[in-house]
Amino acid sequence: MTDFGIKEALLELGLQDINNGTSTGSNNFSNGEIIESYSPVDGKLIGSVKATTKEDYEKVMDAATKAFLSFRDMPAPQRGEIVRQFGNKLREKKEALGKLVSYEMGKSYQEGLGEVQEMIDICDFAVGLSRQLNGQTIPSERPGHVMREQWHPLGVVGIISAFNFPVAVWAWNTALAWICGDVCVWKASEKAPLCSVACQNIIAEILKDNNLPEGISCIINGDYKVGEMMTTDTRIPLVSATGSTRMGRIVGATVAKRFGKSLLELGGNNAIIITPTADLKVVVPGAVFGAVGTCGQRCTSTRRLIIHESVYDKVRDAIVGAYGQIKIGNPLDETKHVGPLIDHDAVNTYLAAIEKAKAEGGNVLVEGGVLKGEGYESGCYVKPAIIEAENHFEIVQHETFAPILYLMKYSGEVENAIGKQNGVAQGLSSAIMTNEMKEAEKFLSYAGSDCGIANVNIGTSGAEIGGAFGGEKETGGGRESGSDAWKVYMRRQTNTINYSDELPLAQGIKFDL
Ligand code: NAD
C-alpha cells in the first residue's frame, strides 16, 4: 500500500525515519519519559519524543527569558521581517507539513494543507501589523500636558494547544506574539507531538539564519503536568490555552490565582438555524462539511441543526441523502471526505454519546458505528451519525468531539430558534441560513446569537484569520488571530507628559505649599 509520501515528508521536516521510532526537534532539551505518537490513520508508530522534566523546563525558561531581553530591543518591523521569512519557509514546506498534520492527527490532506495555509495567512497579517502596533495620543485636561498610550512587549508567552489544530493554533499565537516582541514556550498536545517538533525545526532554521537566539521559540512536551509548569509560573505573564472547557476551567483559575493573564479558546456547541427561506444549495454543503469535516473534531464543528418545521422534512431528507455520499477512509487519499477520530478513547466517547442520545429519546436517522476491515485497521474510523433530538437532552448540551449531528425543529418566529441556539453553555460559533434580511439582522443583533462568531448563509466552521477568533460563556472569552487580538500579547501603558513650567493637578485639585 502506498504511504502517500509520508516518509519523504517526515524527512523534509527534519524528523527521522518513520520506522525508527525516535525523533527529537532542535531546542527540545527534554529528558523525560518517551511519548510515542501513533497515527490514527493506520495505527502505526510514527515516532516519539521525550517529555520535559522540571529541570528541562528550567533550561527552556532560562533560554526564553534571556532571549526576550534581546528580542524586545529589535524594532517591531524587523521582527516582522523574521515572521515574513517564517511564512515563506512555510510556503516551501506546505505539502510536507500538511501531510504530517493529516497523518498524525487524521484530518483530510486538504484540511491539513488548509491548516498550513492559515499559518501562512497569519504570518502575512502579522508582517503588516508589525508596523501598526499603534497607541494613541489623548487630549489632557491640563494645560501644557499631553497623554498617550503605548503598547510594550509582555515577555514569555506560554502556549498550550489542542490536538485538533496541531500547528495552526501555535502560529496564530506566535506570529502575533513575535511581532509584539514576546518570546514563546509551546506545550503542544501530547496526541500530536511530532507536529510541534516539525514546526520548531522550521522556525529554528529561520532564527539561526538571522543570528537570533532559539529561545525566541521553545517547545516543551508532555501531558497536563507539563502544562501546569507554565500555568503556575509567574515568569509567564500570558498563558494562551486552547482545548476543552474542563482544561480551561483549571488553567484559567490557576493563572488568575497568580494574577497572570489567560487567553482561553475552549469548546463549542455550534448550531445552524435553517429558516423557511434558506437555500438548500448552501445549507447542505455548509451543514455537512461543518458536521463531518475533521471527523467532527473542530471546535467550530456543526453539532446542531435547528430547522423550521415548515421545511424540516425537506432539509432532513437532503442532509440524510448527502450523508449517503460521504466516503470514509485514509485522509491522505483525496477521494475520501472523512478520516479517523484521534484515538480509541475518542471512539468510545462517540459510541457512548450515541447510546446516551438514544436513551434520552433520540431518533437515529443515520446510524453510527465503528468501521472494520481493510483500511480501517487503526480502529479509529467511525460513521458520521445523525440523530433527531431535543435541545434540552443532557448529551445535546454537551460537546461530543465526534461526527454526531443533532436535528431539531422550531416553530414560529426566528426568536424561537435563537433561544434554542443560545440555550447551551458554550458560545463559540453559530450560523443562520436565510434570505430574509430581518431574520439575519435579528440573529446578528445584541438580542441574537450570543456567540463570538455569528455567520449568515455560511456554516459554523472555517473561519478566516482576518477576524478575531473565539467565543463567549464556557468557550472562555478569549480572542486570537485577526482584528485587534494582538493587544492581548502586549501590556498597555498610559503616559502623561508635562511640558509646561507649572504642576496643575488633575480634576482641578488644589495643593498649595
Ligand atoms: P484537552 O483539553 O484535552 O487538551 C488541550 C491541551 O491542554 C493539551 O495540550 C493538554 O495537555 C493541556 N492540558 C490539559 N489539562 C491541563 C492542565 N490542567 N494544565 C495545563 N494544561 C492542560 O483538549 P483536546 O482534546 O486536545 O482538544 C479538544 C478540545 O479543544 C475541544 O473541546 C475543542 O472544542 C477545543 N478547541 C477549541 C478551540 C478554540 O479555538 N475555541 C480550538 C481547538 C480546539
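All values reported here derive from a predicted model rather than from experimental measurement.

## Points about the sheet that holds strand β21 (residues 490-498)
Spatially, three strands are ordered β3-β4-β21 in an open sheet, and the strand pairing comes out antiparallel. Whereas interior strands pair on both sides, the edge strands pair on one side only; in this sheet they are β3 (137-139) and β21. Going from strand to strand, the sheet's axes swing by 25 degrees on average, the running direction of each strand aside. Here nine bridges tie strand β4 (residues 145-153) to β21, and the two strands are oriented antiparallel to one another. Bridging from a neighbouring strand, Q150 pairs with Q493 of β21.

## Considering helix α8 (residues 224-231)
Where α8 is concerned, the buried positions are V226, G227, M229, M230 and T231. On its buried face, α8 is in contact with α2 (54-71), β5 (156-160), β6 (183-187), β7 (217-220), β8 (238-242) and α9 (245-257).

## Considerations on the packing of aromatic side chains
The relation between two aromatic rings is expressed through the spacing of the ring centres and the mutual angle of the planes. For the structure on display, the rule yields eight aromatic pairs. Summarising the aromatic geometry, the rings of W170 and W178 are spaced 5.9 Å apart at their centres and angled 85 degrees between planes, so their arrangement reads as edge-to-face. Accessibility classification places W170 together with W178 in one group, the buried group. Between the aromatic rings of W172 and F469, the centroid separation amounts to 5.3 Å while the plane-to-plane angle is 50 degrees, which identifies the pairing as tilted. Here W172 is found in helix α6 (residues 168-179), whereas its partner F469 is found in strand β18 (residues 468-469), with 297 residues between them in sequence. Look at W172 and you get buried, because its relative accessible area is 8%. Grouped by ring-pair contacts, the aromatic residues F86, W170, W178 and W186 constitute a single cluster. Directly above the aromatic system of F165 lies the positively charged group of K107, at a separation of 3.6 Å from the ring centroid.

## Describing the UniProt feature "active site" (unreviewed entry) in the protein chain
Look at the UniProt record and you will see "active site" (unreviewed entry) annotated at E265. Relative to the helices and strands, E265 is located in strand β9 (residues 261-265). Note on E265: relative accessible area 5%, which makes it buried. With residues up to four places along the chain from it excluded, the contact list for E265 reads A241, T242, G243, F469, G470, T475, G478, R479 and E480.

## As for the site of the ligand
In the vicinity of the ligand, 29 residues are found, and the nearest of them are S161, E190, S244, L266 and E399. A distance of 2.9 Å is found between an oxygen atom of the ligand and a side-chain nitrogen or oxygen belonging to K187. Listed by contribution, the elements that provide at least two residues to the shell around the ligand are α8 and α9. Element by element, the count of residues in the shell around the ligand is highest for α9, at four residues. Looking at the shell around the ligand, you find at least three residues from each of domain 1 (6-265 + 483-493) and domain 2 (270-456).

## Some words on the domain arrangement of the protein chain
By domain assignment, the protein chain separates into domain 1 (6-265 + 483-493) and domain 2 (270-456). Distance from the C-alpha centre of domain 1 to the C-alpha centre of domain 2: 31 Å. With 21 residues of domain 1 at the contact, the number on the domain 2 side is 21 residues. Taking both partners together, domain 1 and domain 2 bury about 1600 Å²; carbon and sulfur atoms supply 62% of that area. In terms of surface lost to domain 2, no three residues of domain 1 exceed P40, V41 and E111, which account for 31% of the buried area on that side. Here domain 1 and domain 2 share one salt bridge between them. Here E111 makes a salt bridge to R298, at a shortest N to O gap of 3.1 Å. If you look at where domain 1 meets domain 2, you find seven residue pairs in polar contact (both at pLDDT 80 or more). Those elements that place two or more of their residues in the side of domain 1 that touches domain 2 are α4 (94-105) and α5 (109-129). Tallied by class, residues from the side of domain 1 that touches domain 2 come to eight nonpolar, seven polar and six charged.

## Description of the sheet that holds strand β10 (residues 270-274)
Read from one edge of the open sheet, seven strands run β12-β13-β14-β11-β10-β16-β17, paired in mixed fashion. Of all strands in the sheet, those bounded by a partner on one side alone are β12 (363-366) and β17 (453-456). The sheet shows a mean angle of 20 degrees between the axes of neighbouring strands, direction not considered. Looking at chain direction, β12 and strand β13 (residues 385-388) are connected through three bridges and run antiparallel. Note on β13: the bridge partner recorded for V366 is I386.

## Section: the state of the cysteines
Here a disulfide denotes a covalent bond joining the sulfur atom of one cysteine to the sulfur atom of another. Here the structure, examined in full by the defined rule, presents zero disulfides. Of all cysteine sulfurs, the one in C380 lies closest to C295, which takes part in no disulfide; the gap is 9.5 Å. The class for C380 is buried, based on a relative accessible area of 4%.

## Considering the pattern of salt bridges
Note on pairing: side chains with opposite charge can pair once their charged atoms come close. Counted under the stated rule, the structure contains 25 salt bridges. Residue R249 is joined to E474 by a salt bridge in which the shortest nitrogen-to-oxygen separation is 3.4 Å. One end of the pair, R249, is in helix α9; the other, E474, is in the loop between β19 (472-473) and β20 (480-481), and 225 residues separate them in sequence. Given a relative accessible area of 29%, E474 falls into the partly exposed group. Close ionic contact of R479 with E472 constitutes a salt bridge, the shortest N to O distance being 2.4 Å. Judged by its relative accessible area of 24%, R479 is partly exposed.

## Comments concerning the side chain of N455
Following the sequence through the fold, N455 ends up in strand β17. Engagement of the side chain of N455 in a polar contact is seen with the backbone oxygen of G459, the distance being 2.8 Å. Not counting the four nearest positions on each side in its chain, N455 is found in contact with S429, S430, A431, I432, F443 and T460.

## Regarding the side chain of T300
Tracing the backbone shows T300 in the loop between α10 (280-292) and β11 (302-308). Its relative accessible area of 5% is what places T300 among the buried residues. Apart from residues no more than four positions distant in its own chain, T300 is found in contact with N270, L428, S429, T460, S461, G462 and F469.

So, how was this worked out
Residues numbered from 1 in each chain as written. Predicted model: local features only at pLDDT ≥ 70, side-chain atom pairs only at ≥ 80, totals over all residues. Heavy atoms only, no water. Pairing = 2+ DSSP bridges. Helix = DSSP H or I, 4+ residues; strand = E, 2+ residues; numbered from the N terminus. Axes fitted to C-alpha atoms, helices over the stretch in contact; angles between N-to-C directions. Buried < 20%, exposed > 50% of the residue type's maximum accessible area, 1.4 Å probe, protein only. Contact = heavy atoms within 4.5 Å. Phe/Tyr/Trp six-rings, centres within 6.5 Å; stacked < 30°, edge-to-face > 60°. Lys NZ or Arg CZ within 6 Å of the ring centre and 35° of its normal. UniProt positions renumbered as here; feature names shortened; annotations may be inferred. Near = heavy atom within 4 Å. Polar contact = N/O pair within 3.5 Å; in protein donor to acceptor, adjacent residues only side chain to side chain. Domains from an automatic or database assignment. Buried area = accessible area lost by both parts, 1.4 Å probe. Salt bridge = Lys/Arg side-chain N within 4 Å of Asp/Glu carboxyl O. Nonpolar A, V, L, I, M, F, W, Y, C, P; charged D, E, K, R; others polar. Disulfide = S-S within 2.5 Å.

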